[in-house]
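Commentary on secondary and tertiary structure
Listed below, chain by chain, are the residues.
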Amino acid sequence: MSTEADLLDFARGPALEAALVILVFGMFWRLVAVLALRRSRDLSEPRVRHAWLWGVRTIFTRMWPRREFRPRILHWEAVSYLFHFALAVVIVGLVPHILLIRDITGLSWPGLPTGVITFAAGVALISLLALLAHRATHPVLRRISNFDDYFSWLLVFAPLLTGLMAYYHLGGPYEDLLAVHMLSAELLLAWLPFSKLAHTVLFLFSRGVTGTIYSRRGAQT
Amino acid sequence: MKILDTIPIRPAPSPAANAPALLQEIAAALDALLLSRQRHCIDLGSLPLSPADRDMLREALGTGEIHMELTTLGNSRIEETGVPGVWWVRHSSEDGILLTESLEVCHVPEIVPADTTDIAIGLQRLRQRIAVRASGGQ
Amino acid sequence: MDETILDAFRQNGLSRRAFLKFCAATTSLLALPPAAAAAMAEKLAGTLRPTVIYLSYQECTGCLESMTRSFSPTIEHLMFNNISLAFNDTLQAAAGEAAEAARKEAMRKAWGKYILIVDGAVPMGGGGAYCVAAGQSAVDDLRHAAQGAAAIIAVGTCAAFGGVPYAAPNPTGAVPVSEIIRDRPIINVSGCPPIPEVMTGVIVYYLSFGMPALDRQGRPVAFYGNTIHDRCYRRPFYDEGRFAHTFDDEGARNGWCLYELGCKGPVTYNACATLKWNQGTSFPIQSGHGCLGCSEPDFWDKGGFYRPLPAATGHWPRGEVLGGAALGGAVVGVGAAALARSRQQAAAAKSAKEVSHPPPKEDSHEH
Ligand code: SF4
Ligand code: SF4
């Protein structure tokens, strides 16, 4: 009967369900579609045995830039790491998030104090803003950025911001902020598989495949 | 009982956080009382007071010369503190539950003097009794 | 009965002192500045004894039970002796025809001025046939009584938001008072039941100062301005991330936060954490049970009392639905890949025609 209560109920009910269905559906679609593509056979003689092992190795080696590139990109790489790490802390450390995950998957783990979470959320927000500024000003990065990049940025930014606002009761009653927070996160989940944000899953495969191909040919990766 | 005793009770952190400000407020209220006969009242229930706060208030205000006990709708204690003009008022209900506790800054709390209508009603009753006595009844 | 409330006190052999004490206690209860006690005393001393009509519809009488256990006989005194409670079918001695007659008479005398307290939802289904007393359906009764009311106090979550009768599937078509009456001021005093002091406090406030400030659910801000969570003494544990996981684990014994056990305190506006229950003895969270959210609309239909707040409300088969989504996604993925493959093949065939020895081509997708 009251709209604001309804909004939270909608966020916790049908919206959540729809977002999860789209997420799982989309992720499987993307993954299977990529994995089932034809790869032409490489007829050259492999330079290393078990090239796939090197592929797995690449997943890790590419986590840090090679020495040659470091002076140019290391600091932005560091900011990006800061962001990813802080975001991960927020997502898997906050007890309400864990409870939601437990509710859906049955998995659970101990949470972190909210002080740590709000700090991490602050770090994530600031680093996101810095990364956006970098994207918008860097001549090359700007050219290769499209709607997907900016919209995805927004959808990651929004839940962080609304989550903090809800925690501190800023800008409205808690239940409304909570509803908006959940809805923004649900939008993110639904958008994720169809955007560059799919890298959360696909990066493993793309790096692995690239690593395997190059190392088979004896190239360093 | 044994098991109940093992449940740790976490006392709230209790530095005297509000008492110093309260004492300032009381001083200002006394000033106003002297200058313009203005009464002031502080509801102690509306403030988070730690035991340390209470101790500090009690100590700074001390005990005064008048202790009154009011017995209507349960007990009330009205005590002047060692600072004349500052009254510590506690109203309790019939079953002894504290309803409200306040510090009143005034010459005499308003609840103390007899009310005109109440006096009139009392007088009426007294006259009736006198009349009954005069007519020879008990 | 041109008596003021102060007169009524005197009638009961009480002095003005008792009256002042009552005002002091009430202002403190209402969290008003102490100066308001004098204003209230002045106002109430001149206020005519109001007529209160208390009507009960689809309810369990829990609200009235709660109200008659107000924290002190002081307030109860006011309610039942000094305020003229002209009609309440549970408390009054008269019954049947006599009771109905007394009520009609009281309403006629105070028409346009009485305070109408309603407790319980009003069933609309079956032409109102689910709740009929003295040949009149609840909905007709309420419509009529509301016309003569100065203000309506909807006591309890049933009257305020529909409550239990309103819960899905709502077989009787129950609705809250505000759905039927739109042209009278309504104060919602929600809770299942409401805290007794809140009910009586609201009445006294209305008599002294008129309509209280209401939140967007029509509840007095003085009592419903904060969530349970904001005033909860277990809040430090919430912030530290210390939670009870079951009702008998170490955390529960240590009095840690009950969030994981389904506490709805963060989205529930009520005064339990400050006023407490049973003469200020305790409140549910202090006794080790999470808040059910009883003062909020639709609290029965929010997924379950023991499901944590962030958990999904729907009871859908998670495994089946998400498994189905995965399968569907995989099928579409295979289809997409097949399409891509056939295009690859076509392209390869085309280039094979152009070049006799096509160089081995690799395709890496993303790097
Ligand atoms: S017990 Fe409930 S109201 Fe209290 S801090 Fe925990 S979640 Fe909040
Ligand atoms: S703690 Fe919550 S459920 Fe319990 S009485 Fe208070 S508002 Fe209602």
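Notes on the structure follow. Bear in mind the structure is a predicted one, so any value in this text is a computation, not a measurement. (Residues numbered from 1 in each chain as written. Chains lettered and ligands numbered in written order. Predicted model: local features only at pLDDT ≥ 70, side-chain atom pairs only at ≥ 80, totals over all residues. Heavy atoms only, no water.)

It is worth spelling out the overall build of chain A at this point. Looking only at helices and strands, one finds 10 helices and zero strands in chain A. Starting at the N terminus and walking to the C terminus, you meet the elements of chain A as α-α-α-α-α-α-α-α-α-α. Referenced to the eigenvectors of the C-alpha coordinate spread, the extents of chain A come out at roughly 70 × 40 × 35 Å. A buried classification covers 41% of the 221 residues belonging to chain A. A separation threshold of at least 6 residues defines the contact pool for chain A, and within that pool the share at least 24 residues apart is 71%. Counting only carbon and sulfur atoms, one obtains 72% of the accessible surface of chain A, whose full area is about 12200 Å². Looking at charge distribution, chain A has the averaged site of its 21 positive side-chain charges lying 22 Å from that of its 14 negative ones. (Helix = DSSP H or I, 4+ residues; strand = E, 2+ residues; numbered from the N terminus. Buried < 20%, exposed > 50% of the residue type's maximum accessible area, 1.4 Å probe, protein only. Contact = heavy atoms within 4.5 Å. Areas by Shrake-Rupley, 256 points an atom, 1.4 Å probe, with all protein chains shown as cover. Lys, Arg positive; Asp, Glu negative; His and termini not counted. Charge placed at Lys NZ, Arg CZ, Asp CG, Glu CD.)

Now for the site of ligand 2. In the vicinity of ligand 2, the residues found are T268(C), N270(C), C272(C), W277(C), P284(C), C291(C), L292(C), G293(C) and C294(C). When grouped by side-chain class, the residues that make up the shell around ligand 2 number six nonpolar, three polar and no charged. (Near = heavy atom within 4 Å. Nonpolar A, V, L, I, M, F, W, Y, C, P; charged D, E, K, R; others polar.)

Bringing a nonpolar patch on the surface into the picture now. Residues and elements named next belong to chain A. A contiguous nonpolar patch, built from W52, L53, W54, V56, F60, M63, W64 and Y81 and spanning about 800 Å² of accessible area, is present on the exposed surface. The element contributing the most residues to the nonpolar patch is helix α3 (residues 51–61), with five residues. With respect to the element layout, W52 can be found in helix α3. (Patch = residues over 30% accessible without salt bridge, like charges linked within 9 Å, V, L, I, M, F, W, Y side chains within 5 Å. Salt bridge = Lys/Arg side-chain N within 4 Å of Asp/Glu carboxyl O.)

On to the sheet that holds strand β3 (residues 75–81) of chain B, then. Residue and element names in this part refer to chain B. If you walk across this open sheet you meet the five strands as β1-β5-β4-β3-β2, and the pairing is antiparallel. The outermost strands of the open sheet, each flanked by one partner alone, are β1 (40–43) and β2 (63–71). Taken pair by pair, the neighbouring strands of this sheet meet at an average axis angle of 20 degrees, ignoring direction. In the sheet, β1 pairs with strand β5 (residues 98–105) via four bridges, with the strands oriented antiparallel. From the neighbouring strand, H40 faces β5, where its bridge partner is V105. Each of β1, β4 (86–92) and β5 touches helix α2 (residues 19–36); the most contacted strand, β1, lies at about 160 degrees to it. (Pairing = 2+ DSSP bridges. Axes fitted to C-alpha atoms, helices over the stretch in contact; angles between N-to-C directions.)

Taken together, H229(C), C232(C), R234(C), R235(C), Y238(C), C257(C), L258(C), Y259(C), C263(C), G265(C), P266(C) and I285(C) make up the full set of residues adjacent to ligand 1. Grouping the constituent residues of the shell around ligand 1 by class yields eight nonpolar, two polar and two charged.

Residues and elements named next belong to chain C. Residues L44, I153 and V189 are the most contacted members of the largest nonpolar core, which totals 59 residues. With eight residues, the single largest contributor to this core is helix α12 (residues 196–209). Counting the residues that make up this core, at least three belong to each of domain 1 (5–222) and domain 2 (235–354). In contact with V189, other than residues within four places in its own chain, are I153, A154, V155, G156, P194, V198, M199, V202 and Y224. (Core = buried A, V, L, I, M, F, W, Y, C linked by side-chain atoms within 4.5 Å. Domains from an automatic or database assignment.)

A separate point is the pairing of β2(B). Residues and elements named next belong to chain B. Of the pairings in the sheet, the one linking β2 to β3 comprises six bridges and is antiparallel in character. Its bridge partner being in β3, E69 is matched across the sheet by R77. Taking the residues between adjacent antiparallel strands as the criterion, β2 and β3 are bridged by three residues, where L73 takes a positive phi near 50 degrees.

Residue and element names in this part refer to chain C. Cis geometry marks the peptide bond from A168 to P169; its omega dihedral reads 5 degrees. Inspection of the secondary structure assignment puts P169 in the loop between α10 (163–166) and β8 (174–175). Put simply, C192 and P193 share a cis peptide bond, and its omega is 0 degrees. In this fold, P193 is placed in the loop between β9 (186–189) and α12. A positive phi angle is found at A134, which is not glycine, with a value near 50 degrees. Here A134 is to be found in the loop between β5 (132–133) and β6 (136–137). Take A134: its relative accessible area is 62%, and that puts it in the exposed class. The backbone phi angle of N170 is positive, close to 45 degrees, even though this residue is not glycine. Position of N170 relative to the elements: it lies in the loop between α10 and β8.

Turning our attention to the packing of aromatic side chains. In this structure the tally under the stated criterion is 18 aromatic pairs over all chains. Taking the centre distance of 6.0 Å and the plane angle of 85 degrees together, the rings of F247(C) and Y306(C) count as edge-to-face. One end of the pair, F247(C), is in the loop between α14 (235–240) and α15 (250–253); the other, Y306(C), is in the loop between α16 (272–275) and α17 (318–354), and 59 residues separate them in sequence. Assessed through its relative accessible area of 40%, F247(C) is described here as partly exposed. Judged by centre distance (5.4 Å) and plane angle (50 degrees), the ring pair of W300(C) and F305(C) falls under tilted. On the basis of relative accessibility, which here comes to 40%, the residue W300(C) falls in the partly exposed class. Through pairs of rings, three or more aromatic residues link up here, namely F25(A), W29(A) and F194(A). For the cation-ring pair, R318(C) lies above W316(C), with the distance from its terminal atom to the ring centre recorded as 4.6 Å. (Phe/Tyr/Trp six-rings, centres within 6.5 Å; stacked < 30°, edge-to-face > 60°. Lys NZ or Arg CZ within 6 Å of the ring centre and 35° of its normal.)

To continue, consider α17(C). With 37 residues, α17(C) extends 53 Å between its outermost C-alpha atoms, agreeing within 8% with the 54 Å of an ideal straight helix rising 1.5 Å per residue. Among the residues of α17(C), R318(C), L322(C), A325(C), A326(C), G329(C), A330(C), G333(C) and A337(C) are the ones counted as buried. Looking at the buried positions of α17(C), the neighbouring elements they touch are α2 (14–35) and α5 (95–105) of chain A. (Expected span 1.5 Å × (residues − 1).)

What follows concerns the interface of chain C and chain A. Taken together, the contact pairs 54 residues of chain C with 51 residues of chain A. In total, about 4800 Å² of surface goes out of reach between chain C and chain A, with carbon and sulfur atoms giving 57% of it. For the interface between chain C and chain A, the tally reads six salt bridges. Linking chain C to chain A there are 17 residue pairs in polar contact (both at pLDDT 80 or more). Those elements that provide at least two residues to the side of chain C that touches chain A are α9 (156–161), α14 and α17 of chain C. In terms of residue count, the dominant contributor to the side of chain C that touches chain A is α17(C) (17 residues). Of the residues assigned to the side of chain C that touches chain A, the class counts are 27 nonpolar, 12 polar and 15 charged. (Buried area = accessible area lost by both parts, 1.4 Å probe. Polar contact = N/O pair within 3.5 Å; in protein donor to acceptor, adjacent residues only side chain to side chain.)

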